[in-house]
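# Notes for the structure review
Single-letter residue listing:
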Amino acid sequence: MKKRIGVLLSGRGSNFEALAESIASGRIPNAEIAIVVSNRDGAPGTDRAKARGIATRVIPSKGLERETYDREVVAVLNEHKVDLVCLAGYMRLLSPYFVAAFPNRILNIHPSLLPSFPGLESQRQALEYGVQFAGCTVHFVDENLDAGPIVLQAVLPVNDNDTEDTLSARILEQEHRIYSEAVRIVLEDRYKIQGRRVIRTT
Ligand code: GRF
């Protein structure tokens, strides 16, 4: 049986697209994207999903209390029998209710070497801080911002002439690569969690 992935997004959807591409090409075997949920109407990511023939659902979050909203989203994910939830540019914190509904079954991609620069505009924060190495992180999701155990990271040097745009573009390439790799590791159960550490078993 193919493992079923639910993708949550709010915007562009390039990480969604990278996952879809990895599934299509066999880099993530035995998996399918069962549903793409957006909390924002008109997110380009949902158009990308439709173009690939993947089911989409827009569930507007505006004005709803966090858990009330999350109950709706979890119901849709369960309706589509989702095994793994991938946040891909999903601009919301998850409630404890959501996290408990998918224990160690929610991943996020973040464009910094966590725990540095959580939150928004991480690439700009990194440049302004003056770090010489930047990167991205795939981690399990808990109810805190960009905070759960780290599955994979990619590191890249910051160049003297980097701007927010050039650095973000190089980080994004790595995001697309390590997100697929991390999804494969998790779906194939090739890890164990010890405290905060994610240890590879094969
Ligand atoms: C990515 O940089 C991701 O790391 C962050 O939000 C951005 C989403 O980009 N969480 P996209 O929508 O996947 O293109």
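Presented here is an overview of the structure given in this document.

### Notes on the packing of aromatic side chains
- Scanning all chains against the criterion turns up three aromatic pairs.
- Between Arg71 and the ring centre of Tyr97, over which it is positioned, the NZ or CZ distance is 4.0 Å.

### Section: the site of the ligand
- In the vicinity of the ligand, the residues found are Arg12, Gly13, Ser14, Asn15, Gly89, Ile109, His110, Pro111 and Glu175.
- Here Glu175 contributes a side-chain N or O atom positioned 2.7 Å from an oxygen atom of the ligand.
- Coverage of the ligand by the protein amounts to 85% of the 360 Å² it exposes when considered alone.
- Of all the secondary structure elements, the ones that give two or more residues to the shell around the ligand are helix H1 (14-25) and strand E5 (106-110).

### Overview of unusual backbone geometry
- For the peptide bond that leads from Leu114 to Pro115, omega is 15°, which places it in the cis range.
- On the secondary structure map, Pro115 appears in the loop between E5 and helix H5 (122-129).
- Positive phi outside glycine occurs at Glu121, with the angle close to 50°.
- At Asp146, a position not held by glycine, the phi torsion is positive, near 50°.
- With respect to the element layout, Asp146 can be found in the loop between strand E6 (133-140) and strand E7 (150-157).

### Considering the environment of Glu17
- For Glu17, the position within the fold is in helix H1.
- Between the C-alpha atoms of Glu17 and Phe133, which are 116 residues apart in sequence, the distance is 26 Å.
- Apart from residues lying up to four places away in sequence, Glu17 is in contact with Arg48 and Arg52.
- Within the structure, the side chain of Glu17 is placed 2.6 Å from the side chain of Arg52, a separation counted as a polar contact.

### Points about the packing of H1 against helix H6 (residues 164-187)
- It is the contact of H1 with H6, at a shortest axis distance of 9 Å, that shows an interaxial angle of 50°. Relative to H6, H1 is oriented oblique. The way H1 lies across H6 gives a crossing that is right-handed. Of the residues in H6, those in contact with Ser14, Asn15, Ala18, Leu19 and Ser22 of H1 are Leu172, Glu175, His176, Tyr179, Ser180 and Val183.

### With respect to helix H3 (residues 66-79)
- When the terminal C-alpha atoms of H3 are compared, their 20 Å separation across 14 residues agrees well with the 20 Å that a helix rising 1.5 Å per residue should span.
- Of the residues making up H3, those classed as buried are Tyr69, Asp70, Val73, Val74, Val76 and Leu77. The arc that holds every buried residue of H3, seen down its axis, measures 160°, which confines them to one face.
- Packing partners of the buried residues in H3 comprise strand E1 (3-9), strand E2 (31-38), strand E3 (56-58), strand E4 (84-87) and helix H4 (96-101).

What counts, and at which threshold
- Residues numbered from 1 in each chain as written.
- Predicted model: local features only at pLDDT ≥ 70, side-chain atom pairs only at ≥ 80, totals over all residues.
- Heavy atoms only, no water.
- Phe/Tyr/Trp six-rings, centres within 6.5 Å; stacked < 30°, edge-to-face > 60°.
- Lys NZ or Arg CZ within 6 Å of the ring centre and 35° of its normal.
- Near = heavy atom within 4 Å.
- Polar contact = N/O pair within 3.5 Å; in protein donor to acceptor, adjacent residues only side chain to side chain.
- Areas by Shrake-Rupley, 256 points an atom, 1.4 Å probe, with all protein chains shown as cover.
- Helix = DSSP H or I, 4+ residues; strand = E, 2+ residues; numbered from the N terminus.
- Contact = heavy atoms within 4.5 Å.
- Axes fitted to C-alpha atoms, helices over the stretch in contact; angles between N-to-C directions.
- Parallel < 35°, antiparallel > 145°, perpendicular 65-115°, else oblique.
- Left-handed = near helix turned anticlockwise from the far one by under 90°.
- Expected span 1.5 Å × (residues − 1).
- Buried < 20%, exposed > 50% of the residue type's maximum accessible area, 1.4 Å probe, protein only.
- Arc of directions from axis to C-beta.

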